[in-house]
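Breakdown of the fold
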Amino acid sequence: MRLTVRGIYSTALIKLLIEKGFEIVNPTRSQMERFGIAERGEPDLEIIDSQLDRNCIEARGLPEALEQVVGCLRKAFADLIILKLNASENFAQARIGFPNEAKLKLDELRSEVAYTVPYHHYCRAGGEGLSSMVSIAEDLVESGVVPAEEMSKKFEEQVSRLAPRLRSMVRIIHVKPDGRRIVLGPGRVVWRGEGRARIMRRITGFGVYDGLGVEKSPGDYAITEVSRFQPWMKTSYYSVSGELKGRYYNVSTPISLYSDHVHYFDLEVDVVVKPNSEPEIIDAEPLEKAIRENRISEELREKALKIAEEIAAKQP
């Protein structure tokens, strides 16, 4: 199968796909230099960055080619998420999500081809500013200005401190296994530490809090606690007078925490704790649906359920 690959994941993906027997055509100049390839022609499948979400790729082309590539990626990345898959007789397309464990494996693949800073793909997915920082750091090493070991140490230190500024406004972006992209906020950062933050959101409408079944009123507020790479986040809901209305633990892939937003792939299953009640695991059925639709792996499902059980037992 002949593939054309572009975007922030291209070097790592080409490394993997060539090893699995795929042929790369229409390479960029850097791809020609890194892999010694120069073939031109019509590809069976094109892989590019998703315009909707830099944590994802889009693949489109012949159905057989897409099926083979998706199969290859599933074997390589246990946490891979197939967010969208459409196919007809002669054309197919898919949106594929790379959670943070997959990104770390992509880093390893890329490092076999060229110098790669720690958390390369994590930063590339975080926005243009971080992506430029990655390019500058790697260029300095490749040009011999800074030793690789020194740059890696400094870069890892910078990433470990990455968190939104105190009192800044951030969005919480979670992507459902069915491809829906839900944005909460903006919320204000009321506390921050290295790789951690608490975000407050004001409630403006009436209704009922999903999962909790507790009345929602204007003046309520929510405090969401997030930590980088933690596979869940906790949101506590309070009345205008500060009375706790309930806690909601959202189970997800390991969280990405940037200066202006939080990002993760939602794994459907959640844990709720109502006042004076025992913790309850909810939404297990949507997780099972994601398995039936072949969007996530059995391994990721088991991991999500285990995390939910641990949260219900400890209520961190």
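Conventions adopted
- Residues numbered from 1 in each chain as written.
- Predicted model: local features only at pLDDT ≥ 70, side-chain atom pairs only at ≥ 80, totals over all residues.
- Heavy atoms only, no water.
- Helix = DSSP H or I, 4+ residues; strand = E, 2+ residues; numbered from the N terminus.
- Polar contact = N/O pair within 3.5 Å; in protein donor to acceptor, adjacent residues only side chain to side chain.
- Contact = heavy atoms within 4.5 Å.
- Phe/Tyr/Trp six-rings, centres within 6.5 Å; stacked < 30°, edge-to-face > 60°.
- Lys NZ or Arg CZ within 6 Å of the ring centre and 35° of its normal.
- Salt bridge = Lys/Arg side-chain N within 4 Å of Asp/Glu carboxyl O.
- Buried < 20%, exposed > 50% of the residue type's maximum accessible area, 1.4 Å probe, protein only.
- Pairing = 2+ DSSP bridges.
- Axes fitted to C-alpha atoms, helices over the stretch in contact; angles between N-to-C directions.
- Core = buried A, V, L, I, M, F, W, Y, C linked by side-chain atoms within 4.5 Å.

This part takes up the side chain of Asn55. Structurally, Asn55 can be placed in the loop between β3 (45-49) and β4 (56-61). Looking at Asn55, its side chain comes within polar contact range of the side chain of His263, at 3.2 Å. When sequence neighbours within four positions are dropped, the list of residues in contact with Asn55 reads Tyr9, Ile96, Gly97, Phe98, Lys103, Ala125, His263 and Phe265.

Right, let's get into the packing of aromatic side chains. Tallying each qualifying case throughout the model produces nine aromatic pairs. Members of the aromatic cluster, connected to one another through ring pairs, are Tyr119, Tyr122, Phe229 and Tyr258. Between the NZ or CZ atom of Arg198 and the centre of the ring of Trp191, over which it lies, the distance is 4.6 Å.

The next subject is unusual backbone geometry. Note that the residue after Gly185, namely Pro186, is joined by a cis bond; omega there is 15 degrees. Tracing the backbone through its elements, the reader meets Pro186 in strand β8 (residues 181-193). One non-glycine residue with positive phi stands out, namely Asn294, at about 65 degrees.

The tally for this structure, following the rule as stated, stands at 21 salt bridges. Lys234 is paired through a salt bridge with Glu225; the nearest N and O atoms lie 3.7 Å apart. Owing to a relative accessible area of 27%, Glu225 belongs among the partly exposed residues under this scheme. Via salt bridges that share partners, Glu288, Glu298, Arg301 and Glu302 belong to a single interconnected network.

Consecutive side chains along a regular strand alternate between the two faces of the sheet. Residues Ala197, Ile199 and Arg201 of strand β9 (residues 196-202) are buried on one face, while the alternating residues Arg196, Arg198, Met200 and Arg202, pointing to the opposite face, are not. Sheet topology places β8 next to β9; five bridges connect them, and they run antiparallel. Within β9, the position partnered with Arg188 by the bridge is Met200. If you look at the hairpin formed by β8 and β9, you'll find two residues sitting between the two strands, and Gly195 has a positive phi there, around 70 degrees. Relative to strand β12 (residues 221-227), β9 runs antiparallel, the two sharing seven bridges. Residue Arg202 lies in a different strand from β12, and its bridge partner there is Tyr221.

This next bit is on the sheet that holds strand β2 (residues 23-24). Read from one edge of the open sheet, six strands run β2-β1-β3-β4-β6-β5, paired in mixed fashion. Two strands close off the open sheet at either side, each with one partner strand: β2 and β5 (81-87). Across six bridges, the pairing between β5 and strand β6 (residues 92-97) is antiparallel. By the bridge assignment for β6, Asn86 is matched with Gln93. Running at roughly 165 degrees to strand β1 (residues 2-5), helix α1 (residues 10-19) makes contact with β1, β2, β3 and β4 of the sheet.

What follows deals with the pairing of strand β13 (residues 232-238). Most of β13 is tucked away, with seven of its seven residues classed as buried. Residues Trp232, Lys234, Ser236 and Tyr238 line one face of β13 and the alternating positions Met233, Thr235 and Tyr237 line the opposite face, and both faces are buried. Note that β12 and β13 share five bridges and pair antiparallel. For Ile223, the partnering residue across the bridge sits in β13 and is Ser236. As consecutive antiparallel partners, β12 and β13 are separated by four residues, and within that stretch Phe229 has a phi angle of approximately 70 degrees, a positive value. Bridge count for β13 against strand β14 (residues 244-252) is seven bridges, and the pairing is antiparallel. Within β14, the residue paired with Ser236 across the bridge is Arg247. Two successive antiparallel strands, β13 and β14, enclose a turn made up of five residues, where Gly242 displays a positive phi of approximately 95 degrees.

Membership of the largest hydrophobic core comes to 61 residues, with the highest contact counts inside it found for Leu13, Ile47, Leu73, Phe77 and Phe98. A total of six residues in this core trace back to one element, the largest contributor, which is helix α3 (residues 63-76). Leaving out residues up to four positions away in the same chain, Phe77 has contacts with Leu16, Phe98, Ala102, Lys105, Leu106 and Leu109. Within the second largest apolar cluster, 24 residues are counted, among which are Trp232, Phe265, Leu267 and Ile311.

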